[in-house]
Structures are given as C-alpha cells and as structure tokens.
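Tertiary structure, described
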Amino acid sequence: MTSNSSPHVGRAPSPLEALRNDLAPGLLVLVAMLLFAPRLQVPSRYMFDEVYHGYTAGQYAAGNADAYVWDTKAPRKGVAYMWNHPPVGVLLLAAGVLLWGDTPFGWRFSSAVFGAGGVFLVYLLGLAITRDRNMAVLAGGLVLVDTLWFAQSRIAMLDIFGTVFAMSALLSLYGYLTTTPDRVARPLLRTGLFLGLALATKWNAAFLATLTGLVILHRAWGCLREARKHPTAETRAALRAHLIWVPVSLSVVPAMVYLAAYIPFFATGHTWDQLVELQRQIFAYHSNLEELHNYQSKWWQWPLALRPVWYAVTYLGDQVAHTYANGTAFLHWAFLPAIFVLGVHLWRQSSPALPVLLIGFFGQWLPWALSPRSAFVYHFLPAVPFGIIAVAYAA
C-alpha cells in the first residue's frame, strides 16, 4: 500500500495538509481525554484490583511505610497492600491521589492520562511502522474504540502504565534500528530507560526486554563481523559504539531505573536487606500463584474476545450497570490476519519495523501460553496497539 501522506514519499504537503498533519495527533489525545475522564469517579468505590493498587496508592501518598512490604497487613477489611509488583505503577497512581485526593477520581486519574498518551504513541508507532500518516491517524482512532483500552484507562490498575512504557521502548528500538550504527547511543539509552520503567511496573516486561535485547545483540554481532571483515574507520566506529552503549543500555540503565523506583521505599525507612527480600517474595508469589479465578482466561481466547473480566456491578433502582474489560470484537478478530498482511509487507520491504511489530504483538502475547499462573484478558493489552496498527494498514 502507498499513499501521498507518507512522510518521505511523494509531493510536499499543502499548507492545509501540513496543518492537518500537525493537529491530528493532538486531537487524538484530546478526544481520548474527553472519553476517558468523564465520570471517572464512577463507581465511587474500589473495583476489582483497585482494592490493592488504588488502596496502596493512597497509602503511598500518605507516606505509610507498611504499604511497601510483604509482611504487613492493611488495618481495614476488604483491601490489601500491593507489594507483589514493583512500585512504578502504584507511584504513578499515587501522583493522581496527591493531585485530587484519595478518591476514586484521584486513584484513576493517572490511568486516564497514560491511556490518552498511549493513543499518541500508537500514532507515532503507526507512522514508524507503516510510513503513512493516514494509517497512523486511523490507528490512533481505532484505539479510541477499543473497549479493552478504554476499560484499562479508567481503572486504578498497572497495565496501562506498563503498556505505555513498552510502546515507548519499542518506538526507541525502531529509532535504534534506523540509525547509522555509529550513532546509536541516544536510541539505545532511550530503549534502556523505557525497558527499566516497564520492568519496574510489572515483571511481565521481561518478555519484551529479552526479545528487544536479542534484536540489539544481533545487530551488534553484525557490527563485529563487519569490522573484522572490513576494518575501516567507519566499521570500527560502529563496533566501538555498540561495545560501549549496548551493555550500558541493556543492563546499567534498566538497573538504575529499577533501583530508582525504590527511592520512596528507602525514604520511608526500609533497608537494602528488605529490598532484596522483597524481590525474593515477589518472585515466590508469582511462581507459586495457582489460585483460580472466576474470570481468568486462556491466552488463545484474548484475540477472539471470548472471555471478559468483570470489574464491578452498580445497582441503579431497577437497572444494573456492569463494568468489565474485553476487546472490541470486530477489531480483535482481525488482529491475526492483519498482522500477517502487514508482516509480509514489511518482510518484502526488508523493513526494520518488522521486529518491532513481531515483538510488540507476538512477543508480548505468546509467552503467556507458557505461564502456569492464572491470567486475564488485560494481560493482552500490550499487544493490542500493534494489532490495531496492523488493522489500520490492512483496512
């Protein structure tokens, strides 16, 4: 597929087209906030995992040291401290609480902001992958009608944050893959930064980090082979850049970001030994999580939108309002064929966007087939933007 809206191909855009191109991403974000923010305080109580994440965000904001560790209990029934994930997501929720108070709107505000910001990132990724502004705008618009994205942008849970950081990491990976091999420092450092933030939100990002690292190491190996085969100043500069910045970006930067996420942990009086034990407790929790849940689902059900996860019910006189998360069926059913169509196109073009697309969709979805723990449709959220970009291309 080709289009005159491509940023690099065809005639120069007219002033009206240039204005449209400049305004479109901002309008997408504005519409997103207009969708996600209204009645954010409804329901006016914790729903689903907000009894952990939303409650703990309020305790973080209050400076409660007990909220950070595994061996304490909440002083009231029906809620619990969330210690079984790293703290970045809850710290972001706590920022909303500090702005708006320990209220339903406060718990959920940061999710709405990141949900809207994620729409902008879908636009940027769509532009990078398809090289077409119209398709990028369409992808951003399709996110706005995806009910899974909508639900996760209006609840005090962690998944929207991890997804936005994952998208940022893959956009940075694309920047690395399209940069000359001797000038990779900045895109590599950005990639490491966002991988660190994703890992410091949920360990699910280990799938993403591993696959991203393999792609980077593959290119670094190519630089080594080229420098040995053709030892010129250019190939030596490329190899030197990779030898310096790959280890820094794939190990030092993520580790520093992960540790920085625990600054409030230390500021409330906890020790290094407690941090080490907390990581062990997190690993043990997820390794041994065998508890069944009424709304858990299988990985293969997610792109088929077969099984939602129920969040809350509200009784309004003789009416009942249900809050649940599931993908928009007409979009999610099209993901796999659309990914195939776009993937073949990128492969034929030898496009550096191909590994970004494959990691973004399959790399963040298929590892759940190997996970022994219970899972839910919201675990599919990081793959959704890439499926939507593929649908926009194939439409």
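Residues numbered from 1 in each chain as written. Predicted model: local features only at pLDDT ≥ 70, side-chain atom pairs only at ≥ 80, totals over all residues. Heavy atoms only, no water.

In this section: the pattern of salt bridges. Inspection of the entire model under this criterion finds 3 salt bridges. Close ionic contact of Glu277 with Arg280 constitutes a salt bridge, the shortest N to O distance being 2.8 Å. Taken together, the positions of Glu277 and Arg280, both in helix H12 (residues 272-287) and 3 residues apart, correspond to about one turn of that helix. By relative accessible area, which is 25% here, Glu277 ends up partly exposed. (Salt bridge = Lys/Arg side-chain N within 4 Å of Asp/Glu carboxyl O. Helix = DSSP H or I, 4+ residues; strand = E, 2+ residues; numbered from the N terminus. Buried < 20%, exposed > 50% of the residue type's maximum accessible area, 1.4 Å probe, protein only.)

With that settled, consider unusual backbone geometry. For the bond from Val42 to Pro43, the omega torsion is 0°, close enough to zero to count as cis. Within the secondary structure layout, Pro43 lies in the loop between helix H1 (15-36) and helix H2 (53-61). Unusually for a residue other than glycine, Arg131 sits at a positive phi of about 60°. If you trace the backbone, Arg131 turns up in the loop between helix H4 (104-130) and helix H5 (133-143). Exposure remark for Arg131: the relative accessible area of 30% places this residue in the partly exposed category.

Here we take up the nonpolar core. By size, the foremost hydrophobic cluster in this structure holds 118 residues, and its most contacted members are Leu173, Tyr311 and Val356. Each residue touching Leu173, except ones within four places of it in the same chain, is listed here: Thr191, Thr212, Val215, Ile216, Val356 and Ile359. (Core = buried A, V, L, I, M, F, W, Y, C linked by side-chain atoms within 4.5 Å. Contact = heavy atoms within 4.5 Å.)

What follows deals with the environment of Ala260. With respect to the helices and strands, Ala260 occurs in helix H10 (residues 233-260). We classify Ala260 as partly exposed; its relative accessible area is 38%. Counting along the chain gives 76 residues from Ala260 to Leu336, while the straight-line C-alpha distance between them is 38 Å.

The next thing to look at is helix H7 (residues 159-177). For H7, with 19 residues, the first-to-last C-alpha span of 27 Å sits near the 27 Å given by 1.5 Å per residue. Of all 19 residues in H7, 18 are buried; the element is thus mostly enclosed. (Expected span 1.5 Å × (residues − 1).)

The space that makes up the largest pocket amounts to roughly 640 Å³. If you trace the largest pocket, you find 28 residues lining it, with Asp49, Tyr52, Asn84, Tyr285 and Leu289 closest to the centre. For the lining of the largest pocket, a count of residues per class yields 15 nonpolar, 8 polar and 5 charged. Space inside the second largest pocket adds up to approximately 490 Å³. As for the second largest pocket, its lining consists of 21 residues, of which Phe150, Arg154, His322, Thr323 and Tyr324 are closest to the centre. Mapped onto the lining of the second largest pocket, the elements with two or more residues apiece are helix H6 (147-152), strand S1 (309-316) and strand S2 (319-325). Examining the composition of the lining of the second largest pocket, we find that 5 residues originate from one element, S2, more than from any other. The residue inventory of the lining of the second largest pocket, partitioned by class, reads 12 nonpolar, 6 polar and 3 charged. (1 Å grid on protein atoms, 1.4 Å probe; cavity = no way out; pocket = protein on both sides within 12 Å on 5 of 7 lines; lining within 4 Å. Points joined across faces, edges and corners; volume = space filled by probe spheres on them. Nonpolar A, V, L, I, M, F, W, Y, C, P; charged D, E, K, R; others polar.)

This next bit is on the pairing of S2. Every other side chain in a regular strand lies on the same face of the sheet, so the side chains alternate between the two faces. Where S1 meets S2, 7 bridges bridge the pair, whose relative direction is antiparallel. Directly across from Thr314, in S2, lies its bridge partner Ala321. Connecting S1 to the antiparallel partner S2 that follows it, the hairpin turn spans 2 residues, and Gly317 within it adopts a positive phi of roughly 65°. (Pairing = 2+ DSSP bridges.)

Next up on the list: empty space enclosed by the protein. For the structure on display, the rule yields 2 cavities of 30 Å³ or more. Within this model, the largest cavity holds a volume of roughly 190 Å³. Of all elements in the fold, only H7 and helix H9 (206-229) reach the threshold of two or more residues within the lining of the largest cavity. With 4 residues, H7 is the single largest residue contributor to the lining of the largest cavity. Tallied by class, residues from the lining of the largest cavity come to 9 nonpolar, 5 polar and 2 charged. If you add up the space inside the second largest cavity, you get close to 40 Å³. Forming the boundary of the second largest cavity are Tyr60, Tyr68, Met82, Trp83, His85, Pro87, Tyr262, Phe265 and Leu278.

What follows deals with the packing of helix H3 (residues 88-100) against H4. Any two packed helices are characterised by the angle at which their axes cross and by the distance between the axes. Contact pair H3 / H4: the axes reach a minimum separation of 7 Å and the direction vectors enclose 125°. Considering their axes alone, H3 and H4 lie oblique with respect to each other. Handedness of the crossing formed by H3 with H4: right-handed. Contacts from Leu92, Leu93, Ala95, Gly96, Val97, Leu99 and Trp100 of H3 reach H4 at Phe105, Gly106, Trp107, Phe109, Ser110, Ser111 and Phe114. Tallied by class, residues from the contact of H3 with H4 come to 10 nonpolar, 4 polar and no charged. (Axes fitted to C-alpha atoms, helices over the stretch in contact; angles between N-to-C directions. Parallel < 35°, antiparallel > 145°, perpendicular 65-115°, else oblique. Left-handed = near helix turned anticlockwise from the far one by under 90°.)

Bringing the confidence of the model for the protein into the picture now. Chain-level statistics for the protein give a pLDDT mean of 93 and a share of 95% at 70 or above. Throughout residues 1-10 the model reports pLDDT below 50, and contacts reaching past four residues in sequence, or to other chains, amount to 19 contacts. (pLDDT = per-residue confidence, 0-100.)

Our next topic: a nonpolar patch on the surface. The grouping of Leu23, Leu27, Leu30 and Leu34 at the surface amounts to a nonpolar patch, some 400 Å² of accessible area in total. Along the chain, Leu23 falls in helix H1. Looking at Leu23, the relative accessible area reads 44%, which means it is partly exposed. (Patch = residues over 30% accessible without salt bridge, like charges linked within 9 Å, V, L, I, M, F, W, Y side chains within 5 Å. Areas by Shrake-Rupley, 256 points an atom, 1.4 Å probe, with all protein chains shown as cover.)

Once that is clear, we can look at the packing of aromatic side chains. On inspection of all chains with the given rule, the structure shows 33 aromatic pairs. Here Tyr46 and Tyr55 contribute two aromatic rings whose centre-to-centre distance is 6.4 Å and whose plane-to-plane angle is 90°, an arrangement assigned as edge-to-face. For Tyr46, a relative accessible area of 17% corresponds to the buried category. Here a set of aromatic residues connected by ring pairs shows up, and it is made of Phe207, Trp299, Trp302, Phe335, Phe361, Phe362, Trp365, Trp368 and Phe380. Just above the ring of Tyr176 sits the side chain of Arg219; from NZ or CZ to the centre is 4.8 Å. (Phe/Tyr/Trp six-rings, centres within 6.5 Å; stacked < 30°, edge-to-face > 60°. Lys NZ or Arg CZ within 6 Å of the ring centre and 35° of its normal.)

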